[in-house]
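Listed here are the chains, written in short residue letters.
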Amino acid sequence: QISRELAKRRIVVGVNVKDRDLGGFVAELQQKLDQDLKLPDGYYLEYGGQFQNMQRALSHLALIIPVTIAAIFFLLFLLFNSVRYAALIILVLPFASIGGVFALFVTGEYLSVPASVGFIALWGIAVLNGVVLVSYIRHLRDEGKSQFEAITQGCQQRFRPVMMTATVAMLGLVPFLFATGPGSEIQRPLAIVVIGGLITSTLLTLVVLPALYRKFEESRV
């Protein structure tokens, strides 16, 4: 069979990649072919299929992720009417990302498009928990409590809502961890990122965020 594309003959060589990331495999393949393969004039190689789709999706994510973070910051600014408190809540994003990256490393998964989408979902949950905690601490401060009392009581009173939010989200994704059928290559990385990230973000939100609040709190008359 002679296939043509754009009035040119085309030969397709199919490869199934298993137990390693697609991007790393293609990069290594390109390097070896550039070194060992000399094509005649008029011949060239193109890498398509899932790799092409992945490249297209990653280029979209490179735009979507900064826009998402900027949108979250803007909404936090509208909520608190303060750049300082918005920046404080944004700090939960690295807290969450640490766990997501570590979970990918432990499980042997790679940063793929589903994993990137998982990070976006994870950030939403982490920001919600941060808002719940900081909002209540500010409420206690408005009632006249000292900074130490407000932080201590706020962590005690909001411990259960923060833990419930994270626990419910994690339990809902547990079945995805053991998925083996069609679609598991999408479900598993997403679940790994969200579950791993929620573990670290919840712990750090309840421990580190209150400590940072003391530095970020706006001066009161």
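Residues numbered from 1 in each chain as written. Predicted model: local features only at pLDDT ≥ 70, side-chain atom pairs only at ≥ 80, totals over all residues. Heavy atoms only, no water.

(A) Inspection of the overall build of the protein at higher detail. Regarding its fold elements, the protein presents seven helices and two strands. When the helices and strands of the protein are placed in sequence order, the string is β-β-α-α-α-α-α-α-α. For 221 residues, the compact-globule formula gives about 17 Å, and the C-alpha radius of gyration of the protein, at 23 Å, lies well above that figure. Within the protein, the proportion of its 221 residues that are buried is 32%. Taking all contacts inside the protein whose residues are at least 6 apart in sequence as the whole, residues at least 24 apart take part in 70%. Carbon and sulfur atoms form 62% of the exposed surface of the protein, whose accessible area is close to 14,100 Å². Separation between the mean location of the 19 positive side-chain charges and that of the 15 negative ones in the protein comes to 4 Å. (Helix = DSSP H or I, 4+ residues; strand = E, 2+ residues; numbered from the N terminus. Rg over C-alpha atoms; globule rule 2.2 N^0.38 Å. Buried < 20%, exposed > 50% of the residue type's maximum accessible area, 1.4 Å probe, protein only. Contact = heavy atoms within 4.5 Å. Areas by Shrake-Rupley, 256 points an atom, 1.4 Å probe, with all protein chains shown as cover. Lys, Arg positive; Asp, Glu negative; His and termini not counted. Charge placed at Lys NZ, Arg CZ, Asp CG, Glu CD.)

(B) Molecular detail of helix H6 (residues 147-177). The terminal C-alpha atoms of H6, which comprises 31 residues, lie 42 Å apart, in line with the 45 Å expected from a rise of 1.5 Å per residue. Among all positions of H6, only Ala150, Ile151, Gly154, Cys155, Val162, Ala166, Ala169, Met170 and Leu173 are buried. Elements in contact with the buried residues of H6: helix H5 (113-142) and helix H7 (184-216). (Expected span 1.5 Å × (residues − 1).)

(C) A look at the nonpolar core. Membership of the largest hydrophobic core comes to 42 residues, with the highest contact counts inside it found for Leu76, Val127 and Val134. Listed by contribution, the elements that provide at least two residues to this core are helix H2 (50-80), helix H3 (83-90), helix H4 (92-107), H5, H6 and H7. With 13 residues, the single largest contributor to this core is H5. Here Val134 is in contact with Phe80, Tyr85, Leu88, Ile89, Leu209 and Tyr213, once residues within four sequence places are set aside. (Core = buried A, V, L, I, M, F, W, Y, C linked by side-chain atoms within 4.5 Å.)

(D) Representation of the packing of aromatic side chains within the structure. Within this structure, the stated rule accounts for three aromatic pairs. Relative to Tyr213, the ring of Tyr85 has its centre 5.9 Å away and its plane inclined at 20 degrees; by these criteria the two rings are stacked. Of the two residues, Tyr85 is situated in helix H3 and Tyr213 in helix H7; the sequence distance between them amounts to 128 residues. Look at Tyr213 and you get buried, because its relative accessible area is 0%. With 6.4 Å between their ring centres and 45 degrees between their planes, Phe119 and Trp123 make a pair best called tilted. Of this pair, Phe119 and Trp123 both sit in helix H5, four residues apart, which is roughly one turn of that helix. Of the residues examined, Phe119 reaches a relative accessible area of 9% and is grouped as buried. An aromatic cluster of at least three residues, connected via ring pairs, comprises Phe80, Tyr85 and Tyr213. The cationic tip of Arg158 hangs over the ring face of Tyr136; the distance from NZ or CZ to the ring centre is 4.0 Å. (Phe/Tyr/Trp six-rings, centres within 6.5 Å; stacked < 30°, edge-to-face > 60°. Lys NZ or Arg CZ within 6 Å of the ring centre and 35° of its normal.)

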